[in-house]
Amino acid sequence: MTKHETKNRAIARNLPLNQILAGDCVEVMNSLPANSVDLIFADPPYNLQLKGELHRPDNSRVDAVDDHWDQFAGFAAYDRFTREWMAAARRILKPDGAIWVIGSYHNIFRVGAELQNQGFWILNDVVWRKTNPMPNFRGKRLTNAHETMIWASKSESAKYTFNYEALKSLNEGVQMRSDWVLPICTGGERLKDKDGAKAHPTQKPEALLHRLLIGSTNPGDVVLDPFFGTGTTGAVAKMLGRDFIGIEREQAYREVAEKRIARVRKFDNEALVTTKAKRAEPRVPFGQVVERGMLRPGEELFSMDNRHKAKVRADGSLIGNDIKGSIHQVGAALEGAPTCNGWTYWHFRREGKMVPIDTLRQQIRAEMEADKGRPN
């Protein structure tokens, strides 16, 4: 185990992991150790400023967000509330941690300004475009078909987690963009109370949190949600092998969240492994393969189509058709190509079969990872 992993585990032992904490989010966060959580996902009150009930054209009532927790005396009161919870969140975030905040046009611009005021460094704003938004019943404005999420690191120099290749895999091999097209929470995923009404008016879909956590956390990370609601963050974190801390002052929401999360099962460890960027893997020079006797000087390597061959030299270089150089240089020269990935191009023969030399590199990498997990 590395010193970094040992330190992380020591910090985690002092945290109320995988629990839903009752109370005011500022007070609860201020009671937690500083620099202790890896990611914060915050879905604060939107401050919708509704004036009375909303009705559809047929005069039926719209189940809008009119709960007491979304009531503020004015912008000054909302800004003070934002300042306080964000300062508490910043204190408990690790130096290389990050925060996601979601909101609508009612609050996201004020929230974004306060993020910058407090020293966070904005990485992206992500538009969640809803495939099935609620229509605008009054017909006086455009249909509100999206919400905005802001992703920010704790500081400009923070080495935040970004699993670029994993998000690319989620998007069928194409780079993930900052506009996410996902449906709102409906059907069987929408939680109901004992009377059959929505358990929470702004329940977020699990697909949204899945993408967010895959992209900006790793298994074992601690994710805190200061406005836990009915527990979408906790449910997805548990499935994906992340630890969570939820804070929720409303008892009814806590009860729904606890039942929901109790039903969730974590995916198996093999399923939790995500695609990593090549640059994140430890570098293994081809010379190390030769030094360790996995390939011997004088042994022949063959191109994948068996048209070219080269000999391994004692210094880890190759020679083929009087061309000398690295596994990449010789492969490129023989193919007449500008570049060549020698690890996948060259093969060796074992028991009559052609084996890519990359198999040897992956073997060394696996040993390096195993060594990292052993105590010093």
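Residues numbered from 1 in each chain as written. Predicted model: local features only at pLDDT ≥ 70, side-chain atom pairs only at ≥ 80, totals over all residues. Heavy atoms only, no water.

**What about the sheet that holds strand β10 (residues 309-312)?**
What the six strands build is an open sheet, ordered β12-β11-β10-β9-β13-β14; its pairing is antiparallel. Each edge of the open sheet is held by one strand with a lone partner, namely β12 (323-325) and β14 (353-356). On average, each strand axis in the sheet is tilted by 35° relative to the strand beside it, whichever way the strands run. By the bridge criterion, two bridges tie β10 to strand β11 (residues 318-320) in an arrangement that is antiparallel. Within β11, the residue paired with Lys311 across the bridge is Ile319. (Pairing = 2+ DSSP bridges. Helix = DSSP H or I, 4+ residues; strand = E, 2+ residues; numbered from the N terminus. Axes fitted to C-alpha atoms, helices over the stretch in contact; angles between N-to-C directions.)

**What to know about the packing of aromatic side chains**
Under the defined criterion, the tally for this structure stands at eleven aromatic pairs. Each ring, one from Tyr78 and one from Phe81, has its centre 5.9 Å from the other, and the planes form 50°; the classification is tilted. Linking Tyr78 with Phe81, this pair stays in helix α3 (residues 75-92), spanning three residues, or about one helical turn. With a relative accessible area of 0%, Tyr78 lands in the buried category. Ring centres of Trp151 and Phe162 lie 5.5 Å apart, and the angle between their planes is 50°; this geometry places the pair in the tilted category. Taken together, the residues span a long stretch of sequence, with Trp151 in strand β5 (residues 146-153) and Phe162 in the loop between β5 and α5 (164-170) at a distance of eleven residues. You can call Trp151 buried: its relative accessible area is 5%. Residue Phe162 is classed as partly exposed on the basis of its relative accessible area of 39%. Of the aromatic side chains, those joined through ring pairs into one cluster are Trp100, Trp151, Tyr160, Phe162, Tyr164 and Trp180. Against the face of Phe120 rests Arg90, its NZ or CZ located 4.9 Å from the ring centre. (Phe/Tyr/Trp six-rings, centres within 6.5 Å; stacked < 30°, edge-to-face > 60°. Buried < 20%, exposed > 50% of the residue type's maximum accessible area, 1.4 Å probe, protein only. Lys NZ or Arg CZ within 6 Å of the ring centre and 35° of its normal.)

**Considering the sheet that holds strand β1 (residues 19-22)**
The pairing of strands in a sheet happens through backbone hydrogen bonds and is either parallel or antiparallel. The eight strands lie next to each other as β1-β8-β7-β2-β3-β5-β4-β6, forming an open sheet whose pairing is mixed. Each edge of the open sheet is held by one strand with a lone partner, namely β1 and β6 (179-182). Across the sheet, the mean angle separating the axes of adjacent strands is 20° when strand polarity is ignored. The pairing of strand β7 (residues 222-225) with strand β8 (residues 243-248) spans four bridges and is classified as parallel. Each residue of the ladder has a partner; that of Leu224, found in β8, is Ile245. This element, helix α6 (residues 206-216), spans β2 (37-42), β3 (93-103), β4 (121-130), β5, β6 and β7 of the sheet and lies at about 145° to β6. Packing of helix α8 (residues 251-262) onto the sheet brings it into contact with β1 and β8, and relative to β1 it is tilted by some 175°. (Contact = heavy atoms within 4.5 Å.)

**Digging into the nonpolar core**
The biggest cluster of nonpolar side chains holds 35 residues, and the ones touching the most others in it are Trp100, Met149, Trp180, Leu208 and Leu213. Broken down by element, the residue count for this core peaks at five residues, all from α6. Once residues lying within four places of it in the same chain are set aside, the contact partners of Trp100 are Leu39, Ile40, Phe41, Ala42, Val126, Met149, Ile150, Trp151, Trp180, Leu212 and Ser216. (Core = buried A, V, L, I, M, F, W, Y, C linked by side-chain atoms within 4.5 Å.)

**Looking at helix α4 (residues 108-117)**
Listed as buried for α4 are Ile108, Val111, Gly112, Glu114 and Leu115. Take α4 and look down its axis: the buried residues cluster within an arc of 165°, on one side only. Turned more than 90 degrees off the buried face of α4, the exposed positions are Phe109, Gln116 and Asn117. Looking at the buried side of α4, the elements it contacts are α3, β3, β4 and β5. Just downstream of α4, Gly119 is the residue with a positive phi angle, here 100°. (Arc of directions from axis to C-beta.)

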